[in-house]
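Chain residues, written in single-letter form:
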Amino acid sequence: DVKVTQSSRYLVKRTGEKVFLECVQDMDHENMFWYRQDPGLGLRLIYFSYDVKMKEKGDIPEGYSVSREKKERFSLILESASTNQTSMYLCASSLSLKGVEQYFGPGTRLTVT
Amino acid sequence: AQKVTQAQTEISVVEKEDVTLDCVYETRDTTYYLFWYKQPPSGELVFLIRRNSFDEQNEISGRYSWNFQKSTSSFNFTITASQVVDSAVYFCALSGNIYNFNKFYFGSGTKLNVKP
């Protein structure tokens with residue numbers, strides 16, 4: 001059974017803190033993605049990675065960075081959390097083939113106070 | 001540009017009613033892929049179906065059916081005899097065929113409320 005796991009379901013951080021969100025997949029997928037989900041805006045891509053140590057900016061990368069040191073793990077980093085980064089964060093993975101589905105983790109609801 | 005529009009923000013139906021969720025897309029690719037996902041209250045997106053642009057056959061899976069029409073750039077999703085367990089947010093997504101072909105473009109989602 002395919003599995004994408006995220007380190008926390010709920011997280012509360014203070015403004016200015018450095019925040020790490022971790023995602024692990026056990027399907028040997030090449031691609032991994034980080035999205036944020038906000039009401040009325042759907043899912044917006046923050047960053048994606050198509051290989052270890054490789055990354056590309058998505059549609060809203062400002063204020064975020066990522067790290068992929070191992071194939072199964074993709075980390076999202078908020079260098080200095082701000083209240084406008086309060087959101088649901090979803091991680092996904094997929095094979096590097098055309099037209100394949102992405103598999104999603106359960107999400108992390110981050111609140112920045 | 002790639003874009004997916006789900007104009008229905010929220011729909012409420014009574015159990016056993018049929019309901020159709022609309023999805024309209026824009027793309028310059030001649031080959032592309034369309035997806036539907038379900039997000040129940042637990043939060044995890046669940047893959048429902050994939051359709052490529054060369055296959056315009058409609059698909060039925062139990063109470064679910066999908067109508068793909070290239071002429072109107074639409075990929076609509078119908079639930080027949082809806083049930084309370086169908087209550088969720090449904091997302092339509094598009095991926096292309098060339099550069100960054102694994103990148104998905106999601107619609108804003110339609111929240112379906114099925115009342116007993």
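Note that the coordinates shown come from a computational prediction; the quantities given were computed from them, not determined experimentally. (Residues numbered from 1 in each chain as written. Chains lettered and ligands numbered in written order. Predicted model: local features only at pLDDT ≥ 70, side-chain atom pairs only at ≥ 80, totals over all residues. Heavy atoms only, no water.)

Participant: Can you break down the overall build of chain A residue by residue, with the values?
Facilitator: Secondary structure summary: chain A contains zero helices and eleven strands in total. Sequence-ordered secondary structure for chain A, helices as α and strands as β, is β-β-β-β-β-β-β-β-β-β-β. Here chain A holds 113 residues, and 52% of them are scored as buried. For chain A, the proportion of contacts with a sequence separation of at least 24, taken over those separated by at least 6, is 55%. Surface summary for chain A: the accessible area is close to 5400 Å², and the carbon and sulfur share equals 50%. Placing the 16 positive and 15 negative side-chain charges of chain A at their respective mean positions leaves the two points 5 Å apart. (Helix = DSSP H or I, 4+ residues; strand = E, 2+ residues; numbered from the N terminus. Buried < 20%, exposed > 50% of the residue type's maximum accessible area, 1.4 Å probe, protein only. Contact = heavy atoms within 4.5 Å. Areas by Shrake-Rupley, 256 points an atom, 1.4 Å probe, with all protein chains shown as cover. Lys, Arg positive; Asp, Glu negative; His and termini not counted. Charge placed at Lys NZ, Arg CZ, Asp CG, Glu CD.)

Participant: I'd like a description of the side chain of Gln8 of chain B, backed by residues and values.
Facilitator: All names here are of chain B. Within the secondary structure, Gln8 is located in the loop between β1 (3-5) and β2 (10-14). A polar atom in the side chain of Gln8 sits 2.7 Å from the backbone nitrogen of Asp22. Once you skip the residues sitting within four places of it in the chain, Gln8 turns out to touch Thr20, Leu21, Asp22, Gly109 and Thr110. (Polar contact = N/O pair within 3.5 Å; in protein donor to acceptor, adjacent residues only side chain to side chain.)

Participant: So, the nonpolar core: which residues are in play, and what are the values?
Facilitator: By size, the foremost hydrophobic cluster in this structure holds 23 residues, and its most contacted members are Trp36, Phe77, Tyr90 and Leu112 of chain B. Examining the composition of this core, we find that four residues originate from one element, strand β10 (residues 88-95) of chain B, more than from any other. Apart from residues no more than four positions distant in its own chain, Tyr90 of chain B is found in contact with Gln6, Leu21, Trp36, Tyr37, Lys38, Leu48, Tyr64, Phe77, Ile79, Gly109, Thr110 and Leu112 of chain B. Within the second largest apolar cluster, 21 residues are counted, among which are Leu11, Met27, Leu76 and Val112 of chain A. (Core = buried A, V, L, I, M, F, W, Y, C linked by side-chain atoms within 4.5 Å.)

Participant: Kindly report on the packing of aromatic side chains, identifying the contributing residues and their values.
Facilitator: Counting across every chain of the model gives 22 aromatic pairs over all chains. Between the aromatic rings of Phe33 of chain A and Tyr35 of chain A, the centroid separation amounts to 6.2 Å while the plane-to-plane angle is 25°, which identifies the pairing as stacked. Taken together, a centroid distance of 5.9 Å and an interplanar angle of 65° make the contact between Tyr37 of chain B and Phe47 of chain B edge-to-face. Separated by ten residues along the polypeptide, Tyr37 of chain B in strand β5 (residues 33-39) and Phe47 of chain B in strand β6 (residues 46-52) bring together distant segments of the chain. Members of the aromatic cluster, each reached through a chain of ring pairs, are Phe33, Tyr35, Phe48 and Phe104 of chain A together with Phe35, Tyr37, Phe47, Phe91, Phe104 and Phe106 of chain B. (Phe/Tyr/Trp six-rings, centres within 6.5 Å; stacked < 30°, edge-to-face > 60°.)

Participant: Summarise the state of the cysteines; cite the residues concerned and give the values.
Facilitator: Using the criterion set out here, one finds two disulfides over all chains in the structure. Bridging Cys23 of chain A to Cys91 of chain A, the disulfide has an S-S length of 1.9 Å. Every disulfide takes its handedness from the sign of the S-S torsion; for Cys23 of chain A and Cys91 of chain A that torsion is -80°, giving left-handed. Of this pair, Cys23 of chain A sits in strand β3 (residues 19-25) while Cys91 of chain A sits in strand β9 (residues 87-94), placing them 68 residues apart in sequence. Across the pair, Cys91 of chain A and Cys23 of chain A agree in class, each one buried. Each sulfur in the disulfide pair Cys23 of chain B and Cys92 of chain B lies 1.9 Å from the other. With the S-S dihedral at roughly -65°, the linkage between Cys23 of chain B and Cys92 of chain B falls on the left-handed side. Taken together, the residues Cys23 of chain B in the loop between β3 (19-21) and β4 (24-26) and Cys92 of chain B in strand β10 connect sequence positions 69 residues apart. A relative accessible area of 0% means that Cys23 of chain B is categorised as buried. Taking the relative accessible area as the measure of exposure, Cys92 of chain B reaches 0% and is therefore buried. (Disulfide = S-S within 2.5 Å.)

Participant: Please give an account of the sheet that holds strand β1 (residues 4-6) of chain A that cites residues and values.
Facilitator: Note: strands within a sheet are paired through backbone hydrogen bonds, in either parallel or antiparallel orientation. Residue and element names in this part refer to chain A. Across the sheet, which stays open at both edges, the four strands sit in the order β1-β3-β8-β7 with antiparallel pairing between neighbours. Unpaired on one side and paired on the other, β1 and β7 (65-70) mark the two borders of the sheet. Across the sheet, the mean angle separating the axes of adjacent strands is 20° when strand polarity is ignored. Note: β7 against strand β8 (residues 73-78), four bridges, orientation antiparallel. By the bridge assignment for β8, Lys70 is matched with Arg73. (Pairing = 2+ DSSP bridges. Axes fitted to C-alpha atoms, helices over the stretch in contact; angles between N-to-C directions.)

Participant: Explain the side chain of Thr108 of chain A to me, and be specific about the residues and the numbers.
Facilitator: Following the sequence through the fold, Thr108 of chain A ends up in strand β11 (residues 108-112). Residues within four places of Thr108 of chain A in sequence aside, it is in contact with Gln6, Ser8, Arg9, Leu11, Leu21, Ser87, Met88 and Tyr89 of chain A.

Just geometry here; none of it tells us what the structure is for.
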